[in-house]
2 protein chains.
Amino acid sequence: MKKQLTLCISLVMSLVLLAACSNSSTTGTRGNTAKTTDTTSKTGYQTTGKTTDTDYQGVIRDGKYQTSKARGVGITQEADKIMNLQSFESGLTTLSKKQFSPKKYVFQEGQLLGRDTVENWLDRVSKDNPTGLNPADNGKKEADERNPMYVQQIEEQDYMNDHNGKLSLGGLTIGIGMNRKDYYQKEQYGATYISDISKEEMVKQGRITAAKILSRLRKEKGVSNDTPILIAMFEQAPNDSLVGGSFYATAVSKSGNEISNWTDTNLASYTFPATATKSVPNDNDETSFEGFQNKIKNFFPNLAGVTAQGQYKNKTLQGMKVNITTQFYSQTEIMSFTQYVAQAARTYLPTGIPIDVTIKSADGTVQSFLSREDGKGDFYSHVFNSY
Amino acid sequence: MKKQLTLCISLVMSLVLLAACSNSSTTGTRGNTAKTTDTTSKTGYQTTGKTTDTDYQGVIRDGKYQTSKARGVGITQEADKIMNLQSFESGLTTLSKKQFSPKKYVFQEGQLLGRDTVENWLDRVSKDNPTGLNPADNGKKEADERNPMYVQQIEEQDYMNDHNGKLSLGGLTIGIGMNRKDYYQKEQYGATYISDISKEEMVKQGRITAAKILSRLRKEKGVSNDTPILIAMFEQAPNDSLVGGSFYATAVSKSGNEISNWTDTNLASYTFPATATKSVPNDNDETSFEGFQNKIKNFFPNLAGVTAQGQYKNKTLQGMKVNITTQFYSQTEIMSFTQYVAQAARTYLPTGIPIDVTIKSADGTVQSFLSREDGKGDFYSHVFNSY
């Protein structure tokens, strides 16, 4: 079975920076040139700029974005995997913000781990692939007898310090995606079977994997013994899930191969409305959502479909992504509907948390959307249009 | 040839309002109940609420949106026609705001003209169809010999007054879409031929059509002799155009069949970058756009496609809709690119006008967007995501 991989590790571009260094010393400028308005440094890099204080600026070199060394690993168009990928990547950035403040650090796509490295790591260990992080093939084909693939994806993010216009690696984040279900075929193009992995086994294998990756990262050029490394463990959602997976634990290594205590994130994603087999942790949220759903779905003579994803920390809802699909017959219907949904969202949906509402027509085209950021009272709304 | 039609005319729902009337008098409330926060009136209607002061509230009756009586006429999924439809419908709302202020009037989808009425009007006049607004079939098949179809679409919008929680028709807008090119087949499923219509002929036929529609509207139940009627004339864009058509003239009828002076809107839509055959009215805007385009297109190792639509009034740009398409390899690339585009838009694109920027991945999915409203300095940005 081909493994989904995502991995990008970033490295202090030592040579580039050395070259940039002399340039910098001649200009003699101090201060954070990368963060000024035009975000142009004379030392070979620029940043993307940022739209809010809670976003990272990204690194641009010679007018081009510094893409990941492992760019394209794990890219998928398969709908059942794309949500895991989105949850994984944006969750990793969110967790990193707590460790590496966007006010201090500049974000760089992973530059340490290259594409081949990551692909080898995600494969099974074997004579030909000694760096494989997944267990050796034991020759068994049955779901409960074979060695499952535990590690599904790996992604590196680099957090850079800016000293006088020169970037240096300030910290690393490494995300590790672990399977609870390993999908495999007994023969090529054959039926798909599933090896189940218990929560306990996943956590245990995750820690073993994290320790191995940490010691490998410490040996990478540009990573010092005391570069802080945030390790974030992600539980992949099953392929038939309507939400992506969640990060279940994090740990920080401040130096060497030492890993601080693992901290449970207690994060989990759920779908609304609740189903017979899976309810959300807090009944009040379900009631709120159903009130909203009822208010919306009969707006037009034709029904509107209303679903949502919610992220919980323990029993507390952290945010919602609402999706509404209906058939529109004119641009004015879209405008009126969007306003109506804004009103219903204000009235029914939980307050004090970030909420996005995306409104699509029956053919899947995004027609409008609403968004309330963390701590804001009102929804921003936008109707897509053309001249 | 089947005609594209769009037409919705709205009528004072006399019976509903009469019924609502007695209800209203018992509550004895005065004031603008429809515009309070919960936007619930005790007289049988609610409104959608509105997200900004410059938007209309729409009418809801018995919990359902009051859809157009001609709902579904002219609906198309054909890409080459959808832009004309969007330009027509949203342009009609924009023009109406000058005549019928959103602070005073509530928007209602057209309730006067029903689906059959509109379809008959848009067809050729004949013994079977005496109300047809297009000329009789003269039996000729050649492009320059046949009578072309001048009138392409019609849409009614109703602007309602709220008196003590009761709605009454305060004004009407009627949009009339006129062809410069009439596409037709000589035989079913045959090749498409085009009859060209000169600008002068279109304007002349448009005025004749407007006068006929006006006198018919005055006879509709609920329209009084002095109901103000805004007539807006739209020139359809050719099917191969990358922008929709534009409204070229408006007139107001304050009473009876009188039409005030026709006013040229001097509006026209253009695409950026300019092409060999069609440049924009102001070279500076093209230079600005090209600066923006150059800044963006090389951001990733793979190219980004950057195009835009601009609306002009004479030689002055009124607003832009920018579309950017590129291939993304991760969520972090989308985040960084969005910030970079925001910075480039601030730097390069014309200031002081509303600008939307939509960023799509190669498969056409909207990944993020930026929007600066009229008079605002900064771009709002949003990256679409899921849990």
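Computed from a predicted model, the values in this text were never measured in an experiment.

Draft legend 1. Broad picture of the overall build of chain A. If you tally the helices and strands in chain A, you get six helices and 17 strands. Counting across all 387 residues of chain A, residues that qualify as buried make up 54%. Of the accessible surface of chain A, which amounts to about 16800 Å², a share of 48% is contributed by carbon and sulfur atoms.

Draft legend 2. Region of interest: the sheet that holds strand E1 (residues 45-47) of chain A. All names here are of chain A. Ordered by their spatial adjacency, three strands build an open sheet running E1-E2-E3, and the pairing between neighbours is antiparallel. A single partner strand is all that each edge strand has here, and the edge strands are E1 and strand E3 (64-65). Alignment of E1 against strand E2 (residues 59-61), held across three bridges, turns out to be antiparallel. Bridge assignment links Tyr45 to a residue of E2, and that residue is Arg61.

Draft legend 3. Here's a closer look at the sheet that holds strand E14 (residues 316-326) of chain B. Residues and elements named next belong to chain B. Here we have six strands laid out as an open sheet, ordered E12-E13-E14-E15-E16-E17, and mixed in their pairing. The sheet is open, and its two edges are formed by strand E12 (267-272) and strand E17 (380-383), each paired on a single side. Looking at each pair of strands side by side, their axes are set apart by 15° on average, direction ignored. With nine bridges joining them, strand E13 (residues 305-313) and E14 adopt antiparallel strand pairing. Counterpart to Ala308 in the pairing with E14 is Val322. Running over the sheet, helix H5 (residues 283-297) touches E12, E13 and E14 and is turned about 160° from E13.

Draft legend 4. Representation of the pairing of strand E5 (residues 151-163) of chain B in the model. Residues and elements named next belong to chain B. Most of E5 sits out of view: 12 of its 13 residues are buried. Where strand E4 (residues 106-109) meets E5, four bridges bridge the pair, whose relative direction is antiparallel. Bridging from a neighbouring strand, Phe107 pairs with Tyr159 of E5.

Draft legend 5. Region of the structure containing the relation of the copies chain A and chain B. Screw-axis analysis of chain A against chain B gives a translation of 0.0 Å along the axis, an RMSD of 0.0 Å, and a rotation angle of 180°. Between the two chains, the operation in question is that of a two-fold axis. Across chain A, the smallest distance between a C-alpha and the rotation axis is recorded for A:Val366, namely 3.6 Å. The share of interface residues of chain A whose copies in chain B are also at the interface is 100%, consistent with both copies meeting through the same surface.

Draft legend 6. A look at unusual backbone geometry. The omega torsion of the bond from A:Phe272 to A:Pro273 falls at -5°, within 30 degrees of zero and hence cis. The backbone of A:Tyr189 shows a phi angle near 65°, a positive value even though the residue is not glycine. Looking at where A:Tyr189 falls in the secondary structure, it is placed in the loop between strand E7 (181-185) and strand E8 (192-196). The backbone of B:Asn164 sits at a positive phi, close to 50°, despite the residue not being glycine. Along the chain, the position of B:Asn164 falls in the loop between E5 and strand E6 (166-178). A residue is classified by how much of its surface remains accessible, and B:Asn164, at 27% relative accessible area, is partly exposed.

Draft legend 7. View of the interface of chain A and chain B. Between chain A and chain B, the contact holds 74 residues from the first and 74 residues from the second. Carbon and sulfur atoms supply 51% of the area that chain A and chain B bury against each other, a total of about 6100 Å² over both sides. For the chain A face of the interface with chain B, the top three residues by lost area are A:Arg71, A:Gln339 and A:Tyr387, together amounting to 16%. Between B:Glu333 and A:Arg71 there is a salt bridge, with its nearest N and O atoms 2.6 Å apart. Here chain A is connected to chain B by 32 residue pairs in polar contact (both at pLDDT 80 or more). Broken down by element, the side of chain A that touches chain B gets its largest block of residues, nine residues, from helix H6 (residues 331-348) of chain A. Of the residues in the side of chain A that touches chain B, the class split is 21 nonpolar, 39 polar and 14 charged.

Draft legend 8. Examining the packing of aromatic side chains more closely. As enumerated under the stated definition, the model contains 44 aromatic pairs over all chains in all. Residues A:Phe88 and A:Phe247 carry aromatic rings whose centres are separated by 5.6 Å and whose planes lie at 20° to one another, so their mutual orientation is stacked. Taken together, the positions of A:Phe88 in helix H2 (residues 79-99) and A:Phe247 in strand E10 (residues 246-253) put the pair 159 residues apart, joining distant regions of the chain. Look at A:Phe247 and you get buried, because its relative accessible area is 4%. Through pairs of rings, three or more aromatic residues link up here, namely A:Tyr65, B:Phe299, B:Phe300, B:Phe328, B:Phe337 and B:Tyr340. A:Lys278 extends its terminal NZ or CZ atom over the ring of A:Tyr270, reaching a point 5.1 Å from the ring centre.

Draft legend 9. Quick look at the environment of B:Ala304. Residues and elements named next belong to chain B. Locating Ala304 in the fold gives a position in the loop between H5 and E13. Residue Ala304 is classed as buried on the basis of its relative accessible area of 9%. Between the C-alpha atom of Ala304 and that of Thr325, which follows or precedes it by 21 residues, the distance is 5.6 Å. Sequence-distant contacts of Ala304, that is, excluding residues within four places in its chain, are made with Ile296, Lys297, Ile324, Thr325, Thr326 and Phe337.

Draft legend 10. Quick peek at the packing of H5(B) against helix H6 (residues 331-348) of chain B. All names here are of chain B. Where H5 contacts H6, the two axes come as close as 9 Å, and the packing angle between them is 155°. Between H5 and H6, the interaxial angle falls into the category roughly antiparallel. At the point where H5 passes H6, the crossing takes the right-handed sense. Residue-level inspection shows Ser288, Gly291, Phe292, Lys295 and Ile296 of H5 in contact with H6, the latter providing Phe337, Tyr340, Val341, Ala344, Ala345 and Tyr348. The residue makeup of the contact of H5 with H6, split by class, is eight nonpolar, two polar and one charged.

Draft legend 11. Molecular detail of the environment of B:Asn257. With respect to the helices and strands, B:Asn257 occurs in the loop between strand E10 (246-253) and strand E11 (263-264). Sequence separation of B:Asn257 and B:Asn225 is 32 residues, and the distance between their C-alpha atoms is 8.5 Å.

Draft legend 12. Summary view of H6(B). For H6(B), which comprises 18 residues, the first-to-last C-alpha distance of 26 Å matches the rise-based estimate of 26 Å (1.5 Å per residue) to within 8%. Where burial is concerned, most of H6(B) is hidden: 14 out of the 18 residues are buried.

Draft legend 13. Looking closely at the pairing of E17(B). Residue and element names in this part refer to chain B. Residues Tyr380 and His382 point to one face of E17 and are all buried, whereas Ser381 and Val383, pointing to the other face, are not buried. Summarising the sheet, strand E16 (residues 366-372) and E17 pair through four bridges and their orientation is antiparallel. Residue pairing for E17: Ser368 is matched across the bridge by Val383.

Draft legend 14. Seen up close, helix H3 (residues 115-122) of chain B. Residues and elements named next belong to chain B. Inspection of H3 places Val118, Trp121 and Leu122 among the buried residues, and these make up the whole buried set. Each buried residue of H3 sits inside an arc of 95° when the element is viewed along its axis, so together they form one side. Contacts from the buried residues of H3 go to E5 and helix H4 (199-218).

Draft legend 15. How the structure looks around the pattern of salt bridges. Taken as a whole, this structure holds 20 salt bridges over all chains when the rule is applied. Where A:Lys199 meets A:Glu235, a salt bridge forms, and the shortest distance between an N and an O atom there is 3.4 Å. Taken together, the residues A:Lys199 in helix H4 (residues 199-218) and A:Glu235 in strand E9 (residues 229-235) connect sequence positions 36 residues apart. Its salt-bridge partner being B:Glu142, residue B:Lys186 comes within 3.2 Å of it at the nearest N-O pair. With B:Lys186 in the loop between strand E7 (181-185) and strand E8 (192-196) and B:Glu142 in the loop between H3 and E5, the pair connects residues that are 44 residues apart, well separated along the chain. Several salt bridges converge on common partners, so that one network encompasses A:Arg180, A:Lys199 and A:Glu235.

Rules behind the numbers
- Residues numbered from 1 in each chain as written.
- Chains lettered and ligands numbered in written order.
- Predicted model: local features only at pLDDT ≥ 70, side-chain atom pairs only at ≥ 80, totals over all residues.
- Heavy atoms only, no water.
- Helix = DSSP H or I, 4+ residues; strand = E, 2+ residues; numbered from the N terminus.
- Buried < 20%, exposed > 50% of the residue type's maximum accessible area, 1.4 Å probe, protein only.
- Areas by Shrake-Rupley, 256 points an atom, 1.4 Å probe, with all protein chains shown as cover.
- Pairing = 2+ DSSP bridges.
- Axes fitted to C-alpha atoms, helices over the stretch in contact; angles between N-to-C directions.
- Contact = heavy atoms within 4.5 Å.
- Least-squares fit on C-alpha atoms with pLDDT ≥ 70 in both.
- Buried area = accessible area lost by both parts, 1.4 Å probe.
- Salt bridge = Lys/Arg side-chain N within 4 Å of Asp/Glu carboxyl O.
- Polar contact = N/O pair within 3.5 Å; in protein donor to acceptor, adjacent residues only side chain to side chain.
- Nonpolar A, V, L, I, M, F, W, Y, C, P; charged D, E, K, R; others polar.
- Phe/Tyr/Trp six-rings, centres within 6.5 Å; stacked < 30°, edge-to-face > 60°.
- Lys NZ or Arg CZ within 6 Å of the ring centre and 35° of its normal.
- Parallel < 35°, antiparallel > 145°, perpendicular 65-115°, else oblique.
- Left-handed = near helix turned anticlockwise from the far one by under 90°.
- Expected span 1.5 Å × (residues − 1).
- Arc of directions from axis to C-beta.

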